[in-house]
Amino acid sequence: LGESFDGMSSQRSRDVTVRQLWERVAPGGILVISEPGTPKGSLIVRRARHLVLEVARREMEQSARRLQAEPDGADVQAYVVAPCQHDKACPVKDEHREDGFSTWCHFPQRALRSSYYREIKQSAKPYQDEKFSYVVLRKMTRAQARQEAELATKRAAGRRQTPNATANDNADNDEHDDDDEHEEAFHAHVARESSEDWSRVIRHPHKRKGHVVVELCTSRGELERATIAKSHGQGDWAIGADGYKFARKLRWGDLWPYANKTTIAPGDQKHFMLEAAAFEEKYLADLRASDDPSASLPRDADAIADDDVPDDSTFFAMLDELDAAVSNTSK
């Protein structure tokens, strides 16, 4: 469903529509919701995501009560395929604005302009970048999807290892193309199987000399800003040289498959400043309480002797002497 909820009159009508759409999704089927990439559109998509997961969770609990069994979150018949790599609450919040993190989830997509549209816009540019917010939900447990991905990987591995038999001796090129297709399919299935542990790039990466800074939504349901440096491709760090090359090619909306060495989470900067202030206060308190007279600090401004503070004439005289010394040195 694309860009339909914003025009609805009330939030209740949006919620009812989402529930009706989800009820019509067959087991194993997928529901895709897309809205304009604005704060309001992102909020609509986030609420729809939460509503579907909450409905599926309640259905799981009701089923467990009928069977007199203990509810298990792994039995929820719904999970988020994209953009989230988790089913937890959305970590993108307005309160993270002070830390410089994203305050709504959206992604860009380059679209071609028609000649009529270019004429209306009075622009010769053949394309434009559209922003959108979206969520893809599947009616299946995440564990079942993982098993499905593992089975698909095993099948792809079998097709990759089995040589193609052909009756035509002149079909070597076709056979080679089939082998390439099997190889690509195998790697695609391997990536799909392991992608649940990857992170999503939720803002345009900042590519600097020798490092790349990316903002990620992790599979743990947390935001973090990671710095991928060229030096991380060397030594014992797991990213390797290929990992840094991959980071240089990252785009907004891509998945990041590597672990991160240098990260900052929302609130880390404020926490660091509070820790630094507490350390400084404790250090000064310990210094004042010290028995060593040379380490003691004055408790207030009145403890400073008047002789230690030069008057204005003395101060300017010191500046004149310094200027004269600098001039003699330059000569």
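Our structure's up above, just so we're on the same page.
**Concerning the overall build of the protein chain**
Here is step 1: Within the protein chain, the regular secondary structure consists of eight helices and 10 strands.
Here is step 2: Out of the 331 residues in the protein chain, the part that is buried amounts to 30%.
Here is step 3: Here the analysis covers contacts within the protein chain between residues at least 6 apart in sequence; of these, 62% occur between residues at least 24 apart.

**Considering the pattern of salt bridges**
Here is step 1: Inspection of the entire model under this criterion finds 12 salt bridges.
Here is step 2: With a closest N to O distance of 2.3 Å, Glu54 and Arg57 form a salt bridge. One end of the pair is Glu54 and the other is Arg57, both in helix α2 (residues 39–66) and three residues apart, which spans about a single turn.
Here is step 3: Residue classification places Arg57 among the partly exposed residues on the basis of a relative accessible area of 29%.
Here is step 4: Here Glu215 and Arg203 are joined by a salt bridge, their closest N and O atoms 3.6 Å apart.

**A look at the nonpolar core**
Here is step 1: Membership of the largest hydrophobic core comes to 21 residues, with the highest contact counts inside it found for Val18, Trp22, Ile33, Ala78, Val80, Val135 and Leu137.
Here is step 2: Counting residues per element, the ones that place at least two in this core are α1 (11–24), β1 (30–36), α2 and β4 (127–138).
Here is step 3: Broken down by element, the residue count for this core peaks at nine residues, all from α2.
Here is step 4: Within the second largest apolar cluster, 12 residues are counted, among which are Cys90, Val92, Phe107 and Cys217.

**Some words on the pairing of strand β8 (residues 223–229)**
Here is step 1: Summarising burial for β8: five of the seven residues are buried, a large majority.
Here is step 2: Sheet topology places strand β7 (residues 211–217) next to β8; seven bridges connect them, and they run antiparallel. Following the sheet pairing, Val214 is matched in β8 by Ala226.
Here is step 3: Linking two consecutive strands that pair antiparallel, namely β7 and β8, is a turn of five residues; a positive phi of about 80° is found at Gly221 within it.

**Digging into the side chain of Ser42**
Here is step 1: Topologically, Ser42 is positioned in helix α2.
Here is step 2: Dropping the residues within four chain positions of it, Ser42 is found in contact with Pro36, Trp104, Cys105 and Ser133.

**Section: the packing of aromatic side chains**
We describe a pair of aromatic rings using the distance from one ring centre to the other and the angle between the two ring planes.
Here is step 1: Across all of its chains, the model carries five aromatic pairs by this definition.
Here is step 2: Note on Phe132 and Tyr134: the rings are 5.5 Å apart at their centroids and 35° apart in plane angle, and the pair reads as tilted.
Here is step 3: Residue Tyr134 is classed as buried on the basis of its relative accessible area, which comes to 19%.
Here is step 4: The interplanar angle of 25° and the centroid separation of 5.9 Å between the aromatic rings of Phe246 and Trp256 together place this pair among those described as stacked. In this pair, Phe246 sits in helix α6 (residues 240–248) while Trp256 sits in strand β9 (residues 255–256), placing the two residues 10 residues apart along the sequence.
Here is step 5: Residue class for Trp256 comes out buried when judged on its relative accessible area of 0%.
Here is step 6: Members of the aromatic cluster, each reached through a chain of ring pairs, are Phe107, Phe132 and Tyr134.
Here is step 7: Directly above the aromatic system of Trp22 lies the positively charged group of Lys139, at a separation of 4.9 Å from the ring centroid.

Cut-offs used in this document
Residues numbered from 1 in each chain as written. Predicted model: local features only at pLDDT ≥ 70, side-chain atom pairs only at ≥ 80, totals over all residues. Heavy atoms only, no water. Helix = DSSP H or I, 4+ residues; strand = E, 2+ residues; numbered from the N terminus. Buried < 20%, exposed > 50% of the residue type's maximum accessible area, 1.4 Å probe, protein only. Contact = heavy atoms within 4.5 Å. Salt bridge = Lys/Arg side-chain N within 4 Å of Asp/Glu carboxyl O. Core = buried A, V, L, I, M, F, W, Y, C linked by side-chain atoms within 4.5 Å. Pairing = 2+ DSSP bridges. Phe/Tyr/Trp six-rings, centres within 6.5 Å; stacked < 30°, edge-to-face > 60°. Lys NZ or Arg CZ within 6 Å of the ring centre and 35° of its normal.

The values are spatial; any link to function lies outside them.
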